[in-house]
Amino acid sequence: MWNCPGPDWLSPSPAANRRLKYISLAVLVIQNASLILSIRYVRTLPGDHFFTTSAVVMAEILKVLTCLIILLAQRRGNIRAFVTLLYDSIVVQYRDTLKLSVPSLIYTLQNNLQYVAISNLPAATFQVTYQLKILTTALFSVLMLRKSLSRVQWLSLLLLFTGVAIVQVEQDGSKQKEAAVSPATQSYVKGLLAVVVSCLSSGFAGVYFEKILKGSSASVWLRNVQLGIFGTLLGLLGMWWNDGAAVAEKGFLFGYTPMVWGVIFNQAFGGLLVAVVVKYADNILKGFATSFSIIVSTVTSVYLFGFHVDLLFTLGAGLVIAAVYMYSLPKAVALPPSLGSAASSCSHGDSRMEAFLPKSVLVK
């Protein structure tokens, strides 16, 4: 006899579930759109700019400290248990810790490239183009994890690539300028290369992380501590390599305004906040949030940066939005005939629970 898995207390009441989904949607949209728009804003203000390499390091430090506080709170302030956990997970199991050095290196590179890309591309263009990470993640999943994609997902990837290509053609052929930025301060080609490499690194790192740590029982907070340790060290190395002399002369916190601190806090805590609320958002809702954040970024860019939206950009962005939503649709799972009718009564619950399962424990 087929029994639906899981006790009733695992599922919140319908009214509470709706509220949590709406809250999750709002958080995902605000975090996706606000980070890109705020980085673009602070990087296009006149005057001296902060060192982006130092901002990446500061975000990693804040993320590690936050995760350490959460781990300590989970052990009810028991310092001994807390230290034992860290020693056993980081030092004793050093091989697992070292495995995280590779994705940490790639994510550190990705975070720096995002600053470069957003500094040189309109926020709406970056938001649309950055969805190529869905394509790269899917391709790496097929190649490295032997995952299969449905026909709808393959079609969505084709639409995604087409939409991004249309946006790039529109941007290359247009003479639009953002009111807040002088043409001499940005390079479209540099920004485009940065976002493409960032998408490639994001796809590879995410799949590599899932491959080497599949089945791990470690919590998301502990994994972020391990990633953050490497991220901080590698970020400091990158800062020394790229801005060492300037940082030594002007200081680590040079150019840090309240708005810059807001960007750093958003980057550090935004991903952690999303990790908390994302379990209440299924894949369809996450796809819708990404699509809606593109619209929010575009509309805000029109008023904040003087961004010009024409027919080609609208067409390309529309294809990307549709592709993101299509890719997030759940795959149909075929059941044996003997189980089909018996499982029908709990199929909705199963798909909902499966959608809540995180793809990995990574927060970046």
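Model, not experiment: these values are computed from the prediction.

**Section: the overall build of the protein**
Line of reasoning, step 1. Per the secondary structure count, the protein includes 15 helices and zero strands.
Line of reasoning, step 2. Across the 364 residues that make up the protein, the buried fraction comes to 44%.
Line of reasoning, step 3. A sequence separation of at least 24 residues applies to 88% of the contacts in the protein between residues at least 6 apart.

**Examining the UniProt feature "transmembrane region" (unreviewed entry) in the protein**
Line of reasoning, step 1. Listed under "transmembrane region" (unreviewed entry) in the UniProt record, and renumbered for this structure, are residues 54-73, 152-169, 189-209, 221-241, 253-278, 285-305 and 311-329.
Line of reasoning, step 2. As a span, residues 152-169 carries 100% helix and 0% strand, and end to end its C-alpha atoms are 26 Å apart.
Line of reasoning, step 3. The distance from the first to the last C-alpha atom of residues 221-241 is 29 Å, and the span holds 100% helix and 0% strand.

**Focus on the packing of aromatic side chains**
Line of reasoning, step 1. Under the defined criterion, the tally for this structure stands at eleven aromatic pairs.
Line of reasoning, step 2. Relative to phenylalanine 254, the ring of phenylalanine 51 lies with its centre 5.8 Å away and its plane at 40°, an arrangement referred to as tilted. One end of the pair, phenylalanine 51, is in the loop between helix H1 (14-44) and helix H2 (52-74); the other, phenylalanine 254, is in the loop between helix H10 (220-250) and helix H11 (258-277), with 203 residues separating them in the sequence.
Line of reasoning, step 3. Its relative accessible area of 10% is what places phenylalanine 51 among the buried residues.
Line of reasoning, step 4. Ring centres of phenylalanine 140 and phenylalanine 204 lie 5.6 Å apart, and the angle between their planes is 70°; on these two criteria the pair is classed as edge-to-face. Of this pair, phenylalanine 140 sits in helix H7 (residues 132-145) while phenylalanine 204 sits in helix H9 (residues 188-212), and the two are 64 residues apart along the sequence.

**Describing the nonpolar core**
Line of reasoning, step 1. Counting 48 residues, the largest nonpolar core has Phe126, Leu160 and Ile264 as its most contacted members.
Line of reasoning, step 2. Apart from residues no more than four positions distant in its own chain, leucine 160 is found in contact with Gln131, Leu132, Ile134, Leu135, Val320 and Ala323.
Line of reasoning, step 3. Core analysis: the next-biggest nonpolar cluster, separate from the first, contains ten residues, Leu71, Trp221, Leu222 and Leu272 among them.

**A closer look at the layout of surface pockets**
Line of reasoning, step 1. Empty space within the second largest pocket amounts to approximately 510 Å³.
Line of reasoning, step 2. Lining the second largest pocket are 20 residues, and of these Thr53, Asn112, Gly238, Asn242 and Asp243 sit closest to its centre.
Line of reasoning, step 3. Listed by contribution, the elements that provide at least two residues to the lining of the second largest pocket are H2, helix H5 (101-120) and H10.
Line of reasoning, step 4. The residue inventory of the lining of the second largest pocket, partitioned by class, reads ten nonpolar, eight polar and two charged.

**Structural notes on the packing of H5 against H9**
Line of reasoning, step 1. Interaxial distance between H5 and H9 falls to 8 Å at its minimum, and their mutual angle equals 155°. In terms of their interaxial angle, H5 and H9 are classed as roughly antiparallel. Relative to H9, the crossing made by H5 is left-handed.
Line of reasoning, step 2. A class-by-class count of the residues in the contact of H5 with H9 yields 15 nonpolar, eight polar and one charged.

**Focus on the environment of phenylalanine 209**
Line of reasoning, step 1. Of note, phenylalanine 209 is situated in helix H9.
Line of reasoning, step 2. According to the relative accessible area criterion, phenylalanine 209 is buried, its value standing at 1%.
Line of reasoning, step 3. Placed 107 residues apart in sequence, phenylalanine 209 and valine 102 show a C-alpha to C-alpha distance of 8.6 Å.

**A word on unusual backbone geometry**
Line of reasoning, step 1. Positive phi, close to 55°, is recorded for arginine 76, a residue that is not glycine.
Line of reasoning, step 2. Position of arginine 76 among the secondary structure elements: in the loop between H2 and helix H3 (79-92).
Line of reasoning, step 3. With relative accessibility at 79%, the residue arginine 76 sits in the exposed group.
Line of reasoning, step 4. Here the phi dihedral of arginine 146 falls at roughly 60°; this positive angle occurs in a residue that is not glycine.
Line of reasoning, step 5. Inspection of the secondary structure assignment puts arginine 146 in the loop between H7 and helix H8 (151-173).
Line of reasoning, step 6. A relative accessible area of 70% places arginine 146 in the exposed class.

**Here's the deal with the confidence of the model for the protein**
Line of reasoning, step 1. Per-residue pLDDT for the protein has a mean of 78; in total, 76% of the residues score no lower than 70.
Line of reasoning, step 2. In the model of the protein, helix H15 (residues 347-356) stands out as the element of lowest mean pLDDT, 38, in contrast to H2, which has the highest, 92.
Line of reasoning, step 3. Counting contacts from residues 1-11, a segment whose pLDDT is below 50, to residues more than four positions away or on other chains yields nine contacts.
Line of reasoning, step 4. Confidence over residues 337-364 falls short of pLDDT 50; this stretch has 40 contacts with residues more than four positions distant or in other chains.

**Details of H10**
Each turn of an α-helix holds 3.6 residues, which means side chains three or four residues apart point in the same direction.
Line of reasoning, step 1. Helix length check: H10, at 31 residues, gives a terminal C-alpha distance of 36 Å against a target of 45 Å (1.5 Å per residue), a shortfall beyond 12%.
Line of reasoning, step 2. The largest bend in H10 amounts to roughly 90° and is located at aspartate 243.
Line of reasoning, step 3. A positive phi of about 105° marks glycine 251, the residue just after H10.

**Brief notes about the environment of lysine 133**
Line of reasoning, step 1. Topologically, lysine 133 is positioned in helix H7.
Line of reasoning, step 2. Between the C-alpha atoms of lysine 133 and leucine 200, which are 67 residues apart in sequence, the distance is 6.6 Å.
Line of reasoning, step 3. Once residues lying within four places of it in the same chain are set aside, the contact partners of lysine 133 are Cys199 and Ser202.

**Quick notes on the side chain of threonine 44**
Line of reasoning, step 1. Within the fold, threonine 44 resides in helix H1.
Line of reasoning, step 2. Separated by 2.8 Å, the side chain of threonine 44 and the backbone oxygen of arginine 40 make a polar contact.
Line of reasoning, step 3. From its side chain, threonine 44 meets the backbone oxygen of tyrosine 41 in a polar contact 3.1 Å long.

The rules behind each value
Residues numbered from 1 in each chain as written. Predicted model: local features only at pLDDT ≥ 70, side-chain atom pairs only at ≥ 80, totals over all residues. Heavy atoms only, no water. Helix = DSSP H or I, 4+ residues; strand = E, 2+ residues; numbered from the N terminus. Buried < 20%, exposed > 50% of the residue type's maximum accessible area, 1.4 Å probe, protein only. Contact = heavy atoms within 4.5 Å. UniProt positions renumbered as here; feature names shortened; annotations may be inferred. Phe/Tyr/Trp six-rings, centres within 6.5 Å; stacked < 30°, edge-to-face > 60°. Core = buried A, V, L, I, M, F, W, Y, C linked by side-chain atoms within 4.5 Å. 1 Å grid on protein atoms, 1.4 Å probe; cavity = no way out; pocket = protein on both sides within 12 Å on 5 of 7 lines; lining within 4 Å. Points joined across faces, edges and corners; volume = space filled by probe spheres on them. Nonpolar A, V, L, I, M, F, W, Y, C, P; charged D, E, K, R; others polar. Axes fitted to C-alpha atoms, helices over the stretch in contact; angles between N-to-C directions. Parallel < 35°, antiparallel > 145°, perpendicular 65-115°, else oblique. Left-handed = near helix turned anticlockwise from the far one by under 90°. pLDDT = per-residue confidence, 0-100. Expected span 1.5 Å × (residues − 1). Bend = angle between axes of the 7 residues up to and from the residue. Polar contact = N/O pair within 3.5 Å; in protein donor to acceptor, adjacent residues only side chain to side chain.

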